[in-house]
Amino acid sequence: MILKNLKGHFLTVVNHKAKVFCHCAKCGILWQGITHDLSKFSPSEFIPGVIFFQGNRSPNEAEREKNGYSVAWIHHKGRNRHHFEYWTDYNTKTKRLEPVKMPDKFIAEMFCDRVSASKTYMKEKYTDKAPLEYFLKGKDRRKIHPDTSRKLEFLLRMLSEKGEDYTFRYIRKKVVRKKFLL
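Read on for a plain summary of the structure.

What about the packing of aromatic side chains?
Following the criterion strictly, the structure yields six aromatic pairs and no others. A centroid spacing of 5.9 Å and a plane angle of 35° characterise the contact between W87 and F106, whose relative ring orientation is tilted. One end of the pair, W87, is in the loop between α5 (71-77) and β1 (88-90); the other, F106, is in helix α6 (residues 104-122), and 19 residues separate them in sequence. We classify F106 as buried; its relative accessible area is 6%. These aromatic residues form a ring-pair network of at least three members: F10, F41 and F46.

In structure tokens, the structure reads:
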């Protein structure tokens, strides 16, 4: 079982990283594509990934169901700036932990990550509408800066309506070059 999970988890991570790399390259953020999710190979993330591997969803979900939290996710979100959860800080006025705006280049990587994750887990059932549907399903529960949420949703809607080529071209021309137009 462990060897099967080891192989499955490793191949899933590598497959996902390869997809993200290709998407990031199309968006003009090559370095982010190369360095994307390298922390998944650290013991803190890789070992729970093997233990909780299922193949059809993130092992973090299974770890969370068993333990009430995911050590792998806590490690991951604290090291990867393409996750909106990374972008929280204490507000000096409210003295509460609150979401802050993500820089556009990380929103672009987050978009690539979400599309790639949908492809990785959905396989042949994937459509360009799937990442948007997943995003909308959890929108009301998410603690994300409103500007970040709006920008990500804008890109996911564009993907759903106009496809990958158009959306990657838009990101390369408008987002990466600091002209994000909503």
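Overview of the packing of α6 against helix α7 (residues 130-137)
One way to put it is that α6 packs onto α7 with a least axis distance of 9 Å and a crossing angle of 105°. Judged by the angle between their axes, α6 and α7 are roughly perpendicular. Contact residues: α6 offers R114, V115, S118 and M122, while α7 offers A130, P131, Y134 and F135. When grouped by side-chain class, the residues that make up the contact of α6 with α7 number six nonpolar, one polar and one charged.

A closer look at a positive patch on the surface
There is a patch of like positive charges on the surface, built from R169, R172, K173, K174 and R177. As for its position among the elements, K174 is in helix α9 (residues 164-175).

Regarding the packing of helix α1 (residues 2-27) against α9
For the pair α1 and α9, the least separation of the axes is 7 Å and the interaxial angle reads 60°. Here α1 is positioned oblique relative to α9, judged by the angle of their axes. Contacts between α1 and α9 pair H23, K26 and C27 from the former with E164, F168, I171 and R172 from the latter. Of the residues belonging to the contact of α1 with α9, the class tally is three nonpolar, one polar and three charged.

Overview of the nonpolar core
By size, the foremost hydrophobic cluster in this structure holds 28 residues, and its most contacted members are M102, F111, C112 and I171. Elements with a minimum of two residues in this core: α1, α6, α7, α8 (146-162) and α9. Among the elements that line this core, the one with the most residues is α6, at seven residues. Each residue touching M102, except ones within four places of it in the same chain, is listed here: R81, H82, H83, F84, W87, I107, M110 and T148.

Regarding unusual backbone geometry
Note: most residues except glycine have negative phi, and most peptide bonds are trans. Positive phi outside glycine occurs at D37, with the angle close to 55°. Its location among the elements puts D37 in the loop between α2 (30-35) and α3 (43-51). Despite not being glycine, K123 shows a phi value in the positive range, around 50°. Of the residues examined, K123 reaches a relative accessible area of 48% and is grouped as partly exposed.

Observations concerning α1
In a regular helix each residue adds 1.5 Å, so 26 residues correspond to 38 Å; α1 covers 37 Å between its end C-alpha atoms and thus fits that length. In the core, the buried residues of α1 are packed alongside α2, α3, α4 (59-67), α6 and α9. Where α1 ends, the next residue or the one after it, G28, has phi of about 85°, a positive value.

Basis of the calculations
Residues numbered from 1 in each chain as written. Predicted model: local features only at pLDDT ≥ 70, side-chain atom pairs only at ≥ 80, totals over all residues. Heavy atoms only, no water. Phe/Tyr/Trp six-rings, centres within 6.5 Å; stacked < 30°, edge-to-face > 60°. Helix = DSSP H or I, 4+ residues; strand = E, 2+ residues; numbered from the N terminus. Buried < 20%, exposed > 50% of the residue type's maximum accessible area, 1.4 Å probe, protein only. Axes fitted to C-alpha atoms, helices over the stretch in contact; angles between N-to-C directions. Parallel < 35°, antiparallel > 145°, perpendicular 65-115°, else oblique. Contact = heavy atoms within 4.5 Å. Nonpolar A, V, L, I, M, F, W, Y, C, P; charged D, E, K, R; others polar. Patch = residues over 30% accessible without salt bridge, like charges linked within 9 Å, V, L, I, M, F, W, Y side chains within 5 Å. Areas by Shrake-Rupley, 256 points an atom, 1.4 Å probe, with all protein chains shown as cover. Salt bridge = Lys/Arg side-chain N within 4 Å of Asp/Glu carboxyl O. Lys, Arg positive; Asp, Glu negative; His and termini not counted. Charge placed at Lys NZ, Arg CZ, Asp CG, Glu CD. Core = buried A, V, L, I, M, F, W, Y, C linked by side-chain atoms within 4.5 Å. Expected span 1.5 Å × (residues − 1).

These figures come from the coordinates and say nothing about function on their own.
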